[in-house]
Amino acid sequence: MAASCVRTVGSFLGKCGNCSSSLNTVTSQLSRQVLSRQICVSTALKKNLAAGGPEKFTVEFIQKQVEEFDIGKRHLANMMGEDPENFTQEDIDRSIAYLFPSGLFEKKARPLMKLIFFPLHEAVQWGADGRPFHFLFYTGKQSYYSLMHKLYSKILNIEKHQDRMRAKGLFSQDTKEISLDTSRWLTKEELEVLLVETISSNNYDRFIQLMERLLSMPYCNMEEEFVLHYRRPLEARSKKQMVPVPERDDKGVAFSTSDGRRKTSNSSVVLRDCGSGRITVNGQEYLHYFPVLQDREQLMFPLQFMGLLGRFDLQCTVSGGGRSSQAGALRLAISRALLSFLSEGEQETMRQAGLLTPDPRVRERKKPGQEGARRKFTWKKR
Amino acid sequence: MAASLSGLLKPWTPRVFLVRWSRYNPYYLEPEVRKEAYSQPESELSAEEKEQRELKMIRPIKAAASGVTSSVFSDPVLSKFINMMMEHGNKVLAREIMTQTLENIKKKQVEKYHKAPEGQKEEIECNPYTIFHQALKNCQPVVGLESIRKGGKIYQVPIPLSDKRRSFLAMKWLITECRDNKHRRTHMYEKLSQEVMSAFVHEGNVIRKKNELHKMAESNRAYAHYRWW
């Protein structure tokens, strides 16, 4: 049994003539067992290989191969006198190198005992007579183009249905729409995985355009299932929030620390669950540090929004930037520190109020040939 | 709907720079700051509101502006007016003028209240915020005029205005009128409070300007069909 999984040099030569160059001989491990047992291949068996049609690697088939590989691995371990339970892949490689020493320079040409799963498209795509199974094989991207054909035929079906409805006089624009808000299209990488072949970005754009065209027609809910197959649900944004860890200091008071940034200001806030409502900024009272009402309102904003104004004690440090950006940095830091004292629903309301998003607006650079970021020099006709 | 999500959440510069662009990806939604919007359980516009809520759960939200809070004292109309009055980024001064204006309005109304006979005391409005809002509403034009070129000649065609445009015009007229047409030695807050009080009772220059615009639009009614949008 172990021998069946070992690639033999003879079968490599035998299969070369029939298969495409990408097809590594290692596929022999997963394909016909008949072939992998033999040293040299007769022409009759060569035909047998290709006559079966496109390989159907079902789950049972793969499982059976995995089981057989395990049995072979145990036999090998017994042969080498080692423990069959803890026989890793490196041990297998070492044992095969010991049992079948090879002087070949190409490492990939040496004997190998490994389970390798090849993507579907590397299986044989044509029959015994050399004719490919799929009618779009010569396009090079058969599954992509067959998908586009299927999509277009669905569009034509919908149009025919519309014409029938119009003929009967039952045509109406307000049919049930497919709800698309909570899902997104497959990315190009995901589509490649689905189709098992690479597509270019132009191809991907065309695919999305055709899908959008399908969705723009009134009776598109006929093909709802088909469309939803190519969409992935978007998960709720609240799950991606980093909540700071609340700690307890020596007096037993719960506190949490967090940072915030806005423009060029950096701030750090320690929120203590004391019950006093005092705010200290860089060692000073907040009334001294922020004489402007608007900045103090911004400091209070997260606490007032949740209704927890008098409960917490804030010890803030802030540096850089101007008056308003320091206040904004502090607001972000306070909101983040407050997250650890709130429930999930309250965290979500904070997020929807815009308190947890760092403001990405920064000063726009001055461009050459202009006086400022936007202002151009005075336009002179001559 | 965007395909790859991680690229959408970073601070963003567009590939083609349009004239008006922002550092937020267009994927982001506007934040809702008022507390009342989150306390409604299930008794709202069922389909639309629920869809809106679903969307808000999925999409990222922009940061709240720095002039806006959830307290009862912050007013979006008032914030807009303060921003319009602000010059060279001096928000402190603009806000100061606004608070002085409201204080002034309140003083005058309270004086009138105390001088009024018993029967008329209830009719005098003392809340400066309601007076300000009502005055702005009174100043808003209903239709506007647009210059449309047809056959070589330019006609002033009456067109409907959106809500935003109407409130913008009302605020703009108020500010320009106070800046230009008043005596230069009076303070801005005095000028503003006088103008707001007169707009509240449908008098004053701003109301007159609005009425003139309406008359022009009425007289040019014949050209209304020149509008193609």
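In case you missed it, the structure is sitting above this.
What this report covers is the structure whose coordinates are included nearby. (Residues numbered from 1 in each chain as written. Chains lettered and ligands numbered in written order. Predicted model: local features only at pLDDT ≥ 70, side-chain atom pairs only at ≥ 80, totals over all residues. Heavy atoms only, no water.)

Some thoughts on the overall build of chain A
For step 1, the next point in the chain: Within chain A, the secondary structure is distributed over 14 helices and 8 strands.
For step 2, the next point in the chain: Taken across its 382 residues, chain A has 40% of its residues classed as buried.
For step 3, the next point in the chain: Once local pairs closer than 6 in sequence are excluded, the contacts in chain A between residues at least 24 apart make up 66%.
For step 4, the next point in the chain: Summed over all atoms, the accessible surface of chain A reaches about 22700 Å², with 54% contributed by carbon and sulfur. (Helix = DSSP H or I, 4+ residues; strand = E, 2+ residues; numbered from the N terminus. Buried < 20%, exposed > 50% of the residue type's maximum accessible area, 1.4 Å probe, protein only. Contact = heavy atoms within 4.5 Å. Areas by Shrake-Rupley, 256 points an atom, 1.4 Å probe, with all protein chains shown as cover.)

Comments concerning the sheet that holds strand β4 (residues 254–262) of chain A
All names here are of chain A.
For step 1, the next point in the chain: Here 6 strands make up an open sheet; going across it, the order is β3-β4-β5-β8-β6-β7 and the pairing mixed. Lying at the two open borders of the sheet, with one neighbouring strand each, are β3 (247–248) and β7 (284–285).
For step 2, the next point in the chain: In terms of strand pairing, strand β6 (residues 279–281) meets β7 through 2 bridges, oriented antiparallel. Paired with Thr280 across the bridge in β7 is Glu285.
For step 3, the next point in the chain: The sheet contacts of helix α13 (residues 323–338) involve β4, β5 (265–272), β6 and β8 (313–319), and relative to β4 the element is tilted by about 145°. (Pairing = 2+ DSSP bridges. Axes fitted to C-alpha atoms, helices over the stretch in contact; angles between N-to-C directions.)

Observations concerning the packing of helix α5 (residues 128–139) of chain B against helix α7 (residues 188–200) of chain B
Residues and elements named next belong to chain B.
For step 1, the next point in the chain: With their axes 8 Å apart at the nearest point, α5 and α7 run at an angle of 70° to one another. The orientation of α5 relative to α7 falls into the category roughly perpendicular. At the point where α5 passes α7, the crossing takes the left-handed sense. On α7, the residues that touch Ile131, Phe132, Gln134, Ala135, Asn138 and Cys139 of α5 are Val196, Ala199 and Phe200.
For step 2, the next point in the chain: Across the contact of α5 with α7, the residue classes break down as 7 nonpolar, 2 polar and no charged. (Parallel < 35°, antiparallel > 145°, perpendicular 65-115°, else oblique. Left-handed = near helix turned anticlockwise from the far one by under 90°. Nonpolar A, V, L, I, M, F, W, Y, C, P; charged D, E, K, R; others polar.)

Considering unusual backbone geometry
For step 1, the next point in the chain: The backbone of Val196(A) shows a phi angle near 60°, a positive value even though the residue is not glycine.
For step 2, the next point in the chain: For Val196(A), the location among the structural elements is in the loop between α8 (188–195) and α9 (201–216).

Observations regarding the nonpolar core
For step 1, the next point in the chain: Among the nonpolar cores identified, the biggest contains 31 residues, and Leu271(A), Leu314(A), Leu330(A), Leu338(A) and Met350(A) are the most heavily contacted of them.
For step 2, the next point in the chain: Of all the secondary structure elements, the ones that give two or more residues to this core are β5, β6, α12 (293–306), β8 and α13 of chain A.
For step 3, the next point in the chain: No other element matches the 6 residues that α13(A) contributes to this core.
For step 4, the next point in the chain: The contact partners of Leu338(A), leaving out residues within four places of it in the chain, are Leu271(A), Pro302(A), Leu303(A), Met306(A), Leu308(A), Phe312(A) and Met350(A).
For step 5, the next point in the chain: Membership of the second largest hydrophobic core comes to 30 residues, among which are Met85(B), Phe132(B), Cys139(B) and Leu213(B). (Core = buried A, V, L, I, M, F, W, Y, C linked by side-chain atoms within 4.5 Å.)

What is shown is where atoms sit, not what they do.
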